Amino acid sequence: GRTEPLLAGKSVALLFSKASTRTRTSFEVGVYQMGGLGTYLSAADMQIARGEPIQDTARVLGRYYDAIVYRTFKQSDVDALARYSGVPVVSGMTDYAHPLQVLTDLMTVREYKGKLAGLKAGFVGDGYNMANSLIVGCLMGMDFTIACPNGYRPSADVLFFAREYGDHFKLTTAPDEAARGADVLFTDVWTSMGMERETERRRRDFNGFCLDAARMALAKPDCIVQHPLPAHRGEEITPDVFETHADEIFDEAENRLHVEKAVLGILLAGK
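One structure accompanies this document, and this report is about it.

Points about the packing of aromatic side chains
Each pair of aromatic rings is reported with the distance of its centres and the angle of its planes. In total, this model carries eight aromatic pairs according to the counting rule given. Note on F16 and Y40: the rings are 5.5 Å apart at their centroids and 40° apart in plane angle, and the pair reads as tilted. In this pair, F16 sits in strand 1 (residues 11-16) while Y40 sits in strand 2 (residues 37-42), placing the two residues 24 residues apart along the sequence. Judged by relative accessible area, which is 2%, F16 ranks as buried. Taking relative accessible area as the criterion, Y40 reaches 30% and is therefore assigned partly exposed. Considering the side-chain rings of F206 and F209, the 6.1 Å spacing of their centres and the 80° angle between planes classify their relative orientation as edge-to-face. Pairwise contacts between aromatic rings join Y152, W190, F206 and F209 into one cluster. For R24, the ring lying beneath its charged end belongs to Y40, and the centroid distance is 3.4 Å. For R233, the ring lying beneath its charged end belongs to F242, and the centroid distance is 4.0 Å.

Structure (structure tokens):
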């Protein structure tokens, strides 16, 4: 529903170098509900695509907009945009991290479980951006086990960060270990945007890493499932497990809207 017009008179640039369903639409709707203007900008249609340096685009957008949401491949591009634009920059996802999704996942877990502290969480899949962000998010009070095939581990600096949490974090190549006794299980696609050429190899490498009924049976009976979507049924999750947990997964998708409004409100309200 409509909220307090915390962004009245404010404008937010939504700059995308990757495809998007949820991030784009939830931000457009959220900014509108808060009384602001959200402008969708496809990087392919902008001068960045013709070689304008990111720092020049940043300095221009920062003069027009009060904040920028940026979805792109390289984390360093988001960092450069933040350094040169002079306005708050929100990561709409990079190859390195997907922070908004993990804030959303934590919100959804709390909604279903009433708490985060002391829960057992597991992730089965690719140690890519979702895994990197989940490690940072889940280690705020949860026990977290992440299962990925050899060669698909999370980033070294994120694993280094996780070391200080000792026994609360475990990295394994055995998906059943992540599922055993879990209160919440996370998964994500095996082939992320920009990796389409690797699809066949990844299907082979991730064989046995599906969230299926047998694996779910190892988790607690009231275990919830979270998936950032889009889902490839029959790969990382079976159709029956997906539909059994569809309410949780689509509440998670809805919560992107609420989390993003909160983030923008914190960054811009009263500015």
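Having seen the structure, we can now continue with the description.
Let's talk about the pattern of salt bridges
The full count for this structure, using the stated rule, is 15 salt bridges. With its nearest N and O atoms 2.9 Å apart, the salt bridge here joins R202 to D126. In this pair, R202 sits in helix 8 (residues 199-205) while D126 sits in the loop between strand 5 (120-124) and helix 5 (129-138), placing the two residues 76 residues apart along the sequence. The same class applies to R202 and to D126, which are both buried. A salt bridge links R233 to E243, with the shortest nitrogen-to-oxygen separation between them at 3.4 Å. Here R233, found in the loop between strand 9 (224-226) and helix 10 (239-244), pairs with E243, found in helix 10; they are 10 residues apart in sequence, far enough to count as distant.

Cut-offs applied
Residues numbered from 1 in each chain as written. Predicted model: local features only at pLDDT ≥ 70, side-chain atom pairs only at ≥ 80, totals over all residues. Heavy atoms only, no water. Phe/Tyr/Trp six-rings, centres within 6.5 Å; stacked < 30°, edge-to-face > 60°. Helix = DSSP H or I, 4+ residues; strand = E, 2+ residues; numbered from the N terminus. Buried < 20%, exposed > 50% of the residue type's maximum accessible area, 1.4 Å probe, protein only. Lys NZ or Arg CZ within 6 Å of the ring centre and 35° of its normal. Salt bridge = Lys/Arg side-chain N within 4 Å of Asp/Glu carboxyl O.

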